[in-house]
Amino acid sequence: MERFMEQQREMTRRAFFKMMAGLGLAGWAVTAGGCLRPAELPAGVEDLPPYHHRVASAWPAQVRGCVPIDPVSPSLVQDHRKCNLCGQCLDVCRNTQSVVGYYDLPLVDEIICINCGQCALVCPTGAISERDDTEKVWQALEDPGRFVVVQTAPATRVSLGEEFGLPPGTWVAGKQVAALRRLGFDAVWDTNFTADLTIMEEATELIKRIKGELPGHPLPLLTSCSPGWVKFCEYFYPNLLPHMSSCKSPQQMFGALAKTYYAEKKNIDPEKIFSVSIMPCTAKKFEAQRPEMNASGLYRGTPSIRDVDAVLTTRELARMLKQKGIDLAGLPEEDYDPLMGKCTGGAIIFGATGGVMEAAVRTAFFFITGNEPPSDLLNLTPVRGLEGVKEGALDVPGVGTLRIAVCHGLANGRRVLEAMRDGRAPWHFVEFMACPGGCIGGGGQPRTAVPPTDEIRAKRIAALYHADARWERRLSHENPEILTLYQEFLEHPMSELAEELLHTEYVSRGHQLRARKAAVALG
Ligand code: SF4
Ligand code: SF4
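Residues numbered from 1 in each chain as written. Chains lettered and ligands numbered in written order. Predicted model: local features only at pLDDT ≥ 70, side-chain atom pairs only at ≥ 80, totals over all residues. Heavy atoms only, no water.

A. Focus on the environment of Cys225. With respect to the helices and strands, the residue Cys225 is situated in the loop between β6 (221–222) and α7 (227–236). Classification of Cys225 as buried rests on a relative accessible area of 9%. For the pair formed by Cys225 and Cys247, sequence separation is 22 residues and the distance between their alpha carbons is 7.7 Å. Excluding its chain neighbours within four sequence positions, the residues that come into contact with Cys225 are Ser249, Pro250, Lys284, Phe350, Val356 and Met433. (Helix = DSSP H or I, 4+ residues; strand = E, 2+ residues; numbered from the N terminus. Buried < 20%, exposed > 50% of the residue type's maximum accessible area, 1.4 Å probe, protein only. Contact = heavy atoms within 4.5 Å.)

Pasting the structure below:
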């Protein structure tokens, strides 16, 4: 009798698994075959061929589809063999970034994607990941004819350690420098240097806009250092592009200076320089490939020279270190190389949502009043933290009340943009970051928790503010290497040469889609 019962239980288990396998196979067949009613397709993907996009089927329930990744995306790759169609990438793309589902495509000549990589952070199977550019960098490092330089973003120093077993938020700036030297880089610099430079240029631009000295460039000024955000605005709100700061991101400012300022100082042929950046961000790979990012080439009369030759995410750097058997945790702390290696606390907090705003306000206050900012501007709590949209109002002598806003995650950004479009925007200056938490939550960061959590984001952010509070200099305009750069090369913020190397223009991508007016509103 007992044996009979066991057989029955076994049959039941077998029948259950058989049924599930049948459902799964049927789901795959329906999905791969595209046998779906148009009403079941996510918006914006109706015209995509099946290999571009596994569309969601309504049955079985567990098969929900995945986002479309362009096969030639500079940022991401998709391995369909690993995809279980769980739909988590669709959720983050739609709900956190408000991209998929927010457009109609009359004609498909491009997959609509802002390259943010948030889908790679939530994918439980690793079916979506960063495009691997490590081989390019290995080749450059092994080429004796190349002078290989590297810059490291503000956010990687509080996350790289997680790849080596250290807790989230562990400060590994000096160890990262040591690791990069052991990989063979000829110069190791800090993107924070050009974060300070961005503040010099952007604070100047803000003041000029407030004074009405830049016709056609209205307020509010929108920050421009998050390439996913910039592309989002180019797609969905091209009519608001005149609000976008003309400042390039710190990565691109750095690339332009490495092959001009540094090359001249050290008498190195810029064509021999191979410029690498270590970024928390997959969209930076896209940004580096934008056609206009060859200011150093134009400066030298050789347009084929690119400002940044390769972008590695934090995860790719960790892979290279592991391939070479370098244990980050055991390395000593080393300093960045001089000339473009110093930074201030203002630059350090660039990696956190609200950080660019806080750093810019500190320096704008100084530029306007000639006085050091008061202590509340060195701890600008209204724009700190993980709330999706943050606002503040500051009294600045000579200007009156300066109204600011900060948002991160582009569904939040969309709320701010809708308010602007509807004439409900009281702000002078707004910071946008594509990724939740800012750069510390970038799509190229360690997958320490999948999906990423606010707890981890908060630890990384806390490490940046902790460092800022203790840094020798906290104001971007006090960075001695920045002052030297202006004295010896650029002359002053927004000079002719600064405009040529550090500023840019944007393109409308709105013709590629019909944006749906969002059903979200601020407040
Ligand atoms: S999150 Fe990953 S596994 Fe899930 S549908 Fe998207 S690509 Fe596929
Ligand atoms: S990279 Fe960003 S925009 Fe592109 S599919 Fe992934 S989540 Fe969506």
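Text resumes after the structure shown.
B. Quick peek at the site of ligand 1. Among the 13 residues in the neighbourhood of ligand 1, the closest are listed as Cys83, Asn84, Cys86, Cys89 and Cys123. Partitioned by chemical class, the residues of the shell around ligand 1 number 9 nonpolar, 4 polar and no charged. (Near = heavy atom within 4 Å. Nonpolar A, V, L, I, M, F, W, Y, C, P; charged D, E, K, R; others polar.)

C. Just the site of ligand 2, in detail. Val67, Ile69, Leu76, Cys93, Cys113, Ile114, Asn115, Cys116, Gly117 and Cys119 make up every residue found near ligand 2. Among the detected pockets, ligand 2 sits in the second largest cavity. Along the lines of polarity and charge, the residues of the shell around ligand 2 split into 8 nonpolar, 2 polar and no charged. (1 Å grid on protein atoms, 1.4 Å probe; cavity = no way out; pocket = protein on both sides within 12 Å on 5 of 7 lines; lining within 4 Å. Sits in = over half its atoms within 2 Å of the grid points.)

D. View of the layout of surface pockets. Put simply, the largest pocket is a space of about 440 Å³. In this structure, the largest pocket is lined by 20 residues; those nearest its centre are Asp335, Tyr336, Gly341, Lys342 and Trp471. Of all the elements, helix α5 (residues 173–183) adds the most residues to the lining of the largest pocket, at 3 residues. (Points joined across faces, edges and corners; volume = space filled by probe spheres on them.)

E. Seen up close, empty space enclosed by the protein. Across all of its chains, the model carries 5 cavities of 30 Å³ or more by this definition. The volume enclosed by the largest cavity comes to roughly 250 Å³. Contributing to the lining of the largest cavity are 25 residues, with Cys225, Pro280, Cys281, Lys284 and Cys439 lying nearest its centre. The set of elements that each furnish at least two residues to the lining of the largest cavity consists of α6 (191–210), α7, α8 (250–266) and α9 (283–288). Among the residues forming the lining of the largest cavity, the class breakdown is 17 nonpolar, 7 polar and 1 charged. Of the voids in this model, the second largest cavity is the one considered here, and its volume is about 140 Å³. Those elements giving two or more residues to the lining of the second largest cavity turn out to be α2 (88–96) and α3 (118–122). Classifying every residue of the lining of the second largest cavity gives 14 nonpolar, 4 polar and no charged.

F. Region of interest: the pairing of strand β4 (residues 147–152). Taking burial as the measure, the 6 residues of β4 include 5 buried ones, the bulk of the element. Relative to strand β7 (residues 273–279), β4 runs parallel, the two being bridged by 6 bridges. Bridge pairing in β7 links Phe147 to Ile273. Sheet analysis places β4 next to strand β5 (residues 187–190), joined by 4 bridges and oriented parallel. Bridge pairing in β5 links Val149 to Ala187. (Pairing = 2+ DSSP bridges.)

G. The packing of aromatic side chains, seen in detail. With the rule as written, the count across this model stands at 12 aromatic pairs. Between Trp189 and Phe254, the aromatic rings sit 5.6 Å apart at their centres with planes inclined by 40°, giving tilted as the arrangement. Of the two residues, Trp189 sits in strand β5 while Phe254 sits in helix α8, which places them 65 residues apart along the sequence. For the pair Phe366 and Phe367, a centre-to-centre distance of 6.2 Å together with 50° between the ring planes defines the contact as tilted. In textbook terms, an aromatic cluster arises when at least three aromatic residues are bridged by ring pairs, as seen for Phe147, Trp189, Phe193, Phe254 and Tyr262. Lys231 extends its terminal NZ or CZ atom over the ring of Phe286, reaching a point 4.2 Å from the ring centre. Lying across the ring of Phe164, Lys322 places its NZ or CZ 5.3 Å from the centre. (Phe/Tyr/Trp six-rings, centres within 6.5 Å; stacked < 30°, edge-to-face > 60°. Lys NZ or Arg CZ within 6 Å of the ring centre and 35° of its normal.)

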